[in-house]
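Given next are the chains, with one letter for each unit.
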Amino acid sequence: MDLRGLLVNLLFLCSSLSFCSSQTYFLSDTDGLGRVFDGIGGLSGGGATSRLLVNYAEPYRSQILDFLFKPNFGASLHILKVEIGGDAQTTDGTEPSHMHYENDENYFRGYEWWLMKEAKKRNPNITLIGLPWAFPGWVGHGKSWPYVFPDITAAYVVNWILGAKQYHDLDIQYVGIWNERNFDSKYIKLLRYTLDKSGLERVRIIASDNLWQPITLSLLLDPELSRAVDVIGAHYPGTVTVKQAVKTQKKLWSSEDYSTFNDEVGGGCWARILNQNYVNGLMTATISWNLVASYYEELPFGRDGLMTAEEPWSGNYVVDSPIWITAHTTQFTQPGWSYLQTVGHLEQGGSYVALTDGRGNLTVVIETMTHDHSVCIRPPLLPFNVTSQNATFQLKGSFASIKELQVWRSQFNFKTQKPSFFEKLTPLKLLDGSFTLDLAEDEVYTLTTVTTGLKGSYPDPPRSARFPKVYKDDFNVRNPPFSEAPDFADQTGVFEYYINMTDPGPHVFTLRQVLTERPITWATDADQTISVIGDYQWQNLTVTCDVFMESVKTGGVFIAARVDKGGQSVRSANGVFFWVFADGTYKVTNDLAGETVLAEGQSGTRAYVWHTLTLTVEGQYASGLLNGYPLWKNAVALTPKNGWAAVGTHSFELAQFDNFAVAAK
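Enquirer: Which parts of the structure should I look at to understand the state of the cysteines?
Expert: By definition, a disulfide links two cysteine residues through a covalent bond between their sulfur atoms. Under the criterion given, the structure shown has 1 disulfide. Bridging Cys 269 to Cys 376, the disulfide has an S-S length of 2.0 Å. Between Cys 269 and Cys 376 the disulfide shows an S-S torsion of about 105 degrees. By sign, it is right-handed. In this pair, Cys 269 is assigned in helix 9 (residues 264–281) and Cys 376 in the loop between strand 17 (362–367) and strand 18 (389–395), connecting sequence segments 107 residues apart. Both residues of the pair, Cys 269 and Cys 376, count as buried.

What follows is the structure, given as structure tokens:
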């Protein structure tokens, strides 16, 4: 080969492998620091995304919590944001309110209190945030909008914060304000006033916990509003902010982000936005929706969590890639650290950030995620290119004397499908404050002076298994640890353990639907209440339940099989629904709305009497028993072919359920 040919080959090699040159990036605090880092977090709620977690047996439940919250173990989260339950469907289910009615207060409903305490037990410094996605109907006093009476709404939210402290010794540090239409400046100011009046000056407000605008412009024009708001929170900002938001000099957070299926592409999405939310948008906190995918996977946005824990009946859980991508930042930084001003994009694609505690520690996080391997569910991702590259980092200022950095690496390895996450490499020796990395595509590196990082582990959990084909619950729990019965997932309405003091017989401990008024929510509740349970793949099964209506003449209850929709799609759910009514009639329908009638007639059922309903679905035929006797048979239900079992009521009304049982084939 002649000299010219050799040079051409070398040039090709250099351009294709980026081995022959290296771009230099300076990391320095000489000209000061960037914004203060506020942390990385996860979101439980919005809605009912941690529903199945509480039903795990030990030690698996504690192991899951360790992977999420335990410092220097797994995700080691800095922030936990929870839904302030509002009795309404808010994506994957309903979460109970601390005030079902205006004269009702109970600070032990639901599981968010428990979750916050478990997080705090593992990390006493974790930041706690509450946000109401929905509100009980009484807050609107007849209006389907929670801010018509802002004083009532503010008092309702403040009661939750006070209750967290009084009953659980939990200090809520931030409260969010969110609504689907717009923000309400009058309410924000009144909430600030109510917080201060209640001795909660330390609680900060995030607004509008939705979009950058129009809140940012209003903050610039309204000094009183500006004094009330501490953080501008955006949902799914696509790593960018707006100039007016920066101009406010407020903290900027991605207060809800990710929401992406947690496979390796989901991990790539998370890696990219954790860095670029600051590089592009100066956002100092990023919070994942959701914390843990602990809800039936067939509900909307199945497995959109940092990890997966959706089988309490088997004990199986999966530590997905986003856990270890989170660890690249969280295990080597803390809220209160500062970003360096010297952060940015790599020459051949990707990004880098650097943070310091101001006392000599330095952490650098680098990501080289390619476009197709880092697509998030929203917003659309514009094209960009990433190629392999050499990158030299030169430490300046107070970091120039650093001699060694710990190295942690994740390689997605999409081509071989053999990823390696959060691997500790040999420490890197620096020469004159400089180091060079050969960066391939789809990698994440952490280089840090912090030496406490650890990839935590436990023995493998039990194997994945389907929901038991034979399942029974008599709800006979005298002091239930949670207000919800195991594995029931409320989709409209709230079903709680209940002690029926008026019944001296076998129905003292029951499950009761407790809402009598439609809540206020941005999502689409059904007109009926419904709680689903079981295996979505169930086809042929028998469902049995004792039912007790508490509304004379107007009451109605059902049991169901093959229910095919839940979450924010619950209103259009189909299945086989066996209804009985307090006016002495029954109905069999192919839909929750009750519009497609398969059979109907007289039943003799009435309120304040226990009745036993039995529904059997086999192939395309369904039949029903009332109190052990045939009431109807051979109703034809061609679709859906499969779905959950369920119980529910005809409207927002009081009703009780007992001795629930399923036998599936």
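Read on for the rest.
Enquirer: Explain a nonpolar patch on the surface to me, please; I cannot follow it from the model alone.
Expert: Taken together, Leu 217, Leu 220 and Leu 221 make up a surface patch of nonpolar side chains, about 290 Å² in accessible area. Along the chain, the position of Leu 217 falls in helix 6 (residues 215–221). Residue Leu 217 is classed as partly exposed on the basis of its relative accessible area of 43%.

Enquirer: Before we go on, may I ask you to explain the packing of aromatic side chains in this structure?
Expert: To describe a pair of aromatic rings, you give the distance between the ring centres and the angle between the ring planes. What the rule picks out here adds up to 47 aromatic pairs. Judged by centre distance (5.3 Å) and plane angle (45 degrees), the ring pair of Phe 73 and Tyr 458 falls under tilted. Of this pair, Phe 73 sits in the loop between helix 2 (60–69) and strand 4 (79–83) while Tyr 458 sits in the loop between strand 22 (443–448) and strand 23 (470–473), and the two are 385 residues apart along the sequence. For Phe 73, a relative accessible area of 7% puts it in the buried group. Judged by centre distance (5.4 Å) and plane angle (80 degrees), the ring pair of Phe 578 and Trp 632 falls under edge-to-face. One end of the pair, Phe 578, is in strand 31 (residues 574–581); the other, Trp 632, is in strand 36 (residues 629–636), with 54 residues separating them in the sequence. What makes Phe 578 buried here is its relative accessible area of 0%. Of the aromatic side chains, those joined through ring pairs into one cluster are Phe 67, Phe 73, Tyr 317, Trp 324, Phe 332, Trp 408, Phe 422 and Tyr 458. Directly above the aromatic system of Tyr 236 lies the positively charged group of Arg 378, at a separation of 4.4 Å from the ring centroid. We note Lys 455 situated over the ring of Trp 324; from NZ or CZ to the ring centre the distance is 5.1 Å.

Enquirer: Looking at this structure, how should I read the sheet that holds strand 8 (residues 204–210)?
Expert: What holds strands together in a sheet is hydrogen bonding between their backbones, with the strands either parallel or antiparallel. Ordered in space as 3-4-5-7-8-9-10-11, the 8 strands form a closed barrel in which the pairing is parallel. Strand-to-strand twist in this sheet, taken as the mean axis angle between neighbours without regard to direction, amounts to 25 degrees. Pairing of strand 8 with strand 9 (residues 231–235), which is carried by 3 bridges, proceeds in the parallel orientation. Each bridged residue has a counterpart across the sheet, and for Ala 207 the counterpart in strand 9 is Ile 232.

Enquirer: Explain the pattern of salt bridges here, please?
Expert: If the charged atoms of two oppositely charged side chains come close together, the side chains can form a pair. Inspection of every chain in the model, using the stated rule, returns 24 salt bridges. Residue Glu 58 pairs with Arg 61 through a salt bridge whose shortest N-O separation is 3.5 Å. With a relative accessible area of 43%, Glu 58 lands in the partly exposed category. The salt bridge involving Lys 565 is made with Asp 564; its shortest N-O contact spans 3.6 Å. Among the residues examined, Lys 565 registers a relative accessible area of 27% and is labelled partly exposed. Here the residues in one salt-bridge network are Asp 66, Glu 118, Lys 121 and Arg 122, joined through shared partners.

Enquirer: Looking at this structure, I do not really get the nonpolar core. What am I missing?
Expert: One recurring pattern in soluble globular proteins is that nonpolar side chains are buried together. With 98 residues, the main nonpolar core has Phe 69, Leu 80, Ile 188 and Leu 191 as its most contacted residues. If one sorts the elements of this core by residue count, helix 4 (residues 150–168) sits on top with 8 residues. Beyond its immediate sequence surroundings of up to four residues, Leu 191 is in contact with Ala 154, Val 157, Val 158, Val 175, Ile 177 and Ile 205. Formed by 76 residues, the second largest nonpolar core is a distinct cluster that contains Leu 299, Ile 530, Val 532 and Ile 533.

Enquirer: Whenever I open this one, the confidence of the model for the chain confuses me. Can you help?
Expert: Fine structural detail should not be taken from predicted coordinates in areas where pLDDT scores are low. The predicted model of the chain averages 95 in pLDDT, with 96% of residues at 70 or higher. In the predicted structure, residues 1–19 sits below a pLDDT of 50 and forms 12 contacts with residues beyond four places in sequence or in another chain.

Enquirer: Can you walk me through the environment of Pro 379 in this structure?
Expert: Summarising the element assignment, Pro 379 is placed in the loop between strand 17 and strand 18. You can call Pro 379 partly exposed: its relative accessible area is 34%. For the pair Pro 379 and Thr 239, spaced 140 residues apart in sequence, the C-alpha to C-alpha distance is 9.6 Å. Excluding residues within four positions of it along the chain, Pro 379 makes contact with Tyr 236 and Gly 238.

Enquirer: Before we go on, may I ask you to explain the pairing of strand 7 (residues 174–177) in this structure?
Expert: If a strand is regular, its side chains alternate between the two faces of the sheet. With burial as the criterion, each face of strand 7 is covered, one bearing Tyr 174 and Gly 176 and the other bearing Val 175 and Ile 177. The pairing of strand 5 (residues 127–131) with strand 7 spans 2 bridges and is parallel. Note that in strand 7 the partner of Gly 130 across the bridge is Val 175. Note: strand 7 against strand 8, 4 bridges, orientation parallel.

Enquirer: Looking at this structure, I do not really get the sheet that holds strand 21 (residues 434–439). What am I missing?
Expert: Pairing within the open sheet is mixed, and its 3 strands lie in the order 1-18-21. Either end of the sheet is taken by a strand with one partner, and the two such strands are strand 1 (23–27) and strand 21. On average, each strand axis in the sheet is inclined to that of its neighbour by 25 degrees, with strand direction left out of account. In the sheet, strand 18 pairs with strand 21 via 6 bridges, with the strands oriented antiparallel. Paired with Phe 393 across the two strands is Phe 435, which belongs to strand 21.

Enquirer: Which parts of the structure should I look at to understand the packing of helix 4 against helix 5 (residues 185–197)?
Expert: When two helices pack together, their arrangement is given by the angle between their axes and by how far apart the axes lie. Closest axis-to-axis distance for the helix 4/helix 5 pair is 9 Å, and the angle between their directions is 45 degrees. Taken together, the axes of helix 4 and helix 5 lie oblique to each other. Considering only the axes of helix 4 and helix 5, their crossing is right-handed. On helix 5, the residues that touch Pro 150, Asp 151, Thr 153, Ala 154, Val 157, Val 158 and Ile 161 of helix 4 are Lys 186, Tyr 187, Leu 190, Leu 191, Thr 194 and Leu 195.

Here is what the cut-offs are and how they apply
Residues numbered from 1 in each chain as written. Predicted model: local features only at pLDDT ≥ 70, side-chain atom pairs only at ≥ 80, totals over all residues. Heavy atoms only, no water. Disulfide = S-S within 2.5 Å. Helix = DSSP H or I, 4+ residues; strand = E, 2+ residues; numbered from the N terminus. Buried < 20%, exposed > 50% of the residue type's maximum accessible area, 1.4 Å probe, protein only. Patch = residues over 30% accessible without salt bridge, like charges linked within 9 Å, V, L, I, M, F, W, Y side chains within 5 Å. Areas by Shrake-Rupley, 256 points an atom, 1.4 Å probe, with all protein chains shown as cover. Salt bridge = Lys/Arg side-chain N within 4 Å of Asp/Glu carboxyl O. Phe/Tyr/Trp six-rings, centres within 6.5 Å; stacked < 30°, edge-to-face > 60°. Lys NZ or Arg CZ within 6 Å of the ring centre and 35° of its normal. Pairing = 2+ DSSP bridges. Axes fitted to C-alpha atoms, helices over the stretch in contact; angles between N-to-C directions. Core = buried A, V, L, I, M, F, W, Y, C linked by side-chain atoms within 4.5 Å. Contact = heavy atoms within 4.5 Å. pLDDT = per-residue confidence, 0-100. Parallel < 35°, antiparallel > 145°, perpendicular 65-115°, else oblique. Left-handed = near helix turned anticlockwise from the far one by under 90°.

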